[in-house]
Amino acid sequence: MDQGRPKPDLIIFDCDGVLVDSELLSCRCLSDVLAECGIALSPEQAFELFLGRSTKAVEQHYRDLGQVVPDGFLPRLKSHVLSTFAGSLQPIAGVAAVVSELRTPFCVASSSDIDRIALSLDVTGLRAHFGDRIYTAQMVRHGKPAPDLFLHAAEQMGAQPARTLVIEDSASGVQAGKAAGMMVWGFAGGSHYRGRDGHAILSGAGADRVFARMIDFWKDA
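Residues numbered from 1 in each chain as written. Predicted model: local features only at pLDDT ≥ 70, side-chain atom pairs only at ≥ 80, totals over all residues. Heavy atoms only, no water.

1. Details of the overall build of the protein
Summing up its helical and strand segments, the protein has ten helices and six strands in all. Judged by the C-alpha coordinates and their principal axes, the protein covers about 50 × 35 × 35 Å. Evaluated residue by residue, the protein yields a buried proportion of 50% over its 221 residues. Carbon and sulfur atoms form 49% of the exposed surface of the protein, whose accessible area is close to 9900 Å². Taking the average location of the 21 positive side-chain charges in the protein and that of its 26 negative ones, the two points are 3 Å from each other. (Helix = DSSP H or I, 4+ residues; strand = E, 2+ residues; numbered from the N terminus. Buried < 20%, exposed > 50% of the residue type's maximum accessible area, 1.4 Å probe, protein only. Areas by Shrake-Rupley, 256 points an atom, 1.4 Å probe, with all protein chains shown as cover. Lys, Arg positive; Asp, Glu negative; His and termini not counted. Charge placed at Lys NZ, Arg CZ, Asp CG, Glu CD.)

And the structure:
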């Protein structure tokens, strides 16, 4: 841990891109479904605009541009994502070993909805580690980069923000954790960071530390 900061009483893991290697799959699904709606967005653009953010943020983005996505957009996107995850999703390498060895209380706080998180954890064999300690953006008024979700998770887990560590893979998630007054470690080991400078992106967002392999979770901590 950083000098002068106590060992955390709680560790909050983001799900997509931290526990499961889902971000490339998600961005491709978003690109596919928007194309069906007549909106062009490449997977790379999806990554830049919406990584770590909720589907409500996608709708709001296009609403602000004067482009209203059809009523069936969200159900179609959810269906496409769930079917893709069921057949292709993999855990982040080494994450099962990390969470199985933790003695500090931990939970999940994600912008995804509960069905997607549950499927992600089930498909990758991680569900047993988290039980019902799952918190989503649907539980709060404002999603990331607002601090609401992380503050809600900490409250539910009985931890003080200053004694909470967040593990995040997106700039918006890092910003949310820092706005909540928490320590934040950026994880740049997901496949969506291949060819991108994850260290610069996450450090630039305010991460206290950036690492790219779960095997290094406690290294230099």
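2. Examining the pairing of strand E5 (residues 183–187)
Here E5 lies mainly inside the structure; five of its five residues are buried. Residue alternation in E5 divides its side chains into two sets, Met-183, Trp-185 and Phe-187 and Val-184 and Gly-186, and both sets are buried. Two strands pair when backbone bridges link them, and strand E4 (residues 164–168) and E5 are joined in this way by four bridges, in the parallel orientation. Residue Val-166 lies in a different strand from E5, and its bridge partner there is Val-184. In terms of handedness, the path from E4 via helix H9 (residues 171–179) over to E5 forms a crossover that is right-handed. Two strands pair when backbone bridges link them, and E5 and strand E6 (residues 209–211) are joined in this way by three bridges, in the parallel orientation. Pairing of Trp-185 across the sheet is with Arg-209, part of E6. (Pairing = 2+ DSSP bridges. Right-handed = clockwise from strand over helix to strand, strands pointing away.)

3. Some remarks on helix H1 (residues 23–36)
Each α-helix turn comprises 3.6 residues. Residues three or four places apart therefore point the same way. Taking 1.5 Å as the rise per residue, H1 with 14 residues should run 20 Å; its terminal C-alpha atoms sit 20 Å apart, in good agreement. Residues Glu-23, Leu-25, Ser-26, Cys-27, Cys-29, Leu-30, Ser-31, Val-33 and Leu-34 constitute the buried set of H1. Looking at the buried side of H1, the elements it contacts are helix H2 (43–50), helix H3 (55–64), helix H4 (73–88) and helix H6 (114–123). In the stretch just after H1, Gly-38 is the one whose phi turns positive, near 85°. (Expected span 1.5 Å × (residues − 1). Contact = heavy atoms within 4.5 Å.)

4. Regarding the packing of aromatic side chains
One pass over the full model with this rule turns up twelve aromatic pairs. When the centroid spacing of 6.1 Å and the interplanar angle of 90° are considered together, the rings of Phe-13 and Phe-106 count as edge-to-face. Here Phe-13 is found in strand E1 (residues 10–13), whereas its partner Phe-106 is found in strand E2 (residues 106–110), with 93 residues between them in sequence. As far as the burial class goes, Phe-13 and Phe-106 line up, both buried. Ring geometry for Phe-106 and Phe-130: centres 5.1 Å apart, planes at 85°, overall edge-to-face. Taken together, the residues span a long stretch of sequence, with Phe-106 in strand E2 and Phe-130 in helix H7 (residues 127–130) at a distance of 24 residues. Note on accessibility: Phe-106 and Phe-130 belong to one class, buried. (Phe/Tyr/Trp six-rings, centres within 6.5 Å; stacked < 30°, edge-to-face > 60°.)

5. Observations concerning the packing of H1 against H4
How two helices pack is summed up by the angle between their axes together with the distance between the axes. Interaxial distance between H1 and H4 falls to 9 Å at its minimum, and their mutual angle equals 145°. Crossing of H1 over H4 shows right-handed handedness. The residues of H4 that touch H1, namely those facing Leu-25, Ser-26, Cys-29, Leu-30, Asp-32, Val-33, Leu-34 and Glu-36, are Phe-73, Arg-76, Leu-77, His-80, Val-81, Thr-84, Phe-85 and Ser-88. Classifying every residue of the contact of H1 with H4 gives nine nonpolar, four polar and three charged. (Axes fitted to C-alpha atoms, helices over the stretch in contact; angles between N-to-C directions. Left-handed = near helix turned anticlockwise from the far one by under 90°. Nonpolar A, V, L, I, M, F, W, Y, C, P; charged D, E, K, R; others polar.)

6. Topic: the sheet that holds E1
As summarised here, the arrangement of the six strands in space is E3-E2-E1-E4-E5-E6, forming an open sheet in which the pairing is parallel. Each end of this open sheet is capped by a strand with a single partner; those strands are strand E3 (134–136) and E6. Pairs of neighbouring strands in the sheet enclose a mean axial angle of 25°, with direction left out of account. Sitting on the sheet, helix H8 (residues 148–157) is in contact with E1, E2, E3 and E4, with an inclination near 150° to E2. Across the sheet, helix H10 (residues 198–205) is in contact with E4, E5 and E6; its angle to E6 comes to roughly 155°.

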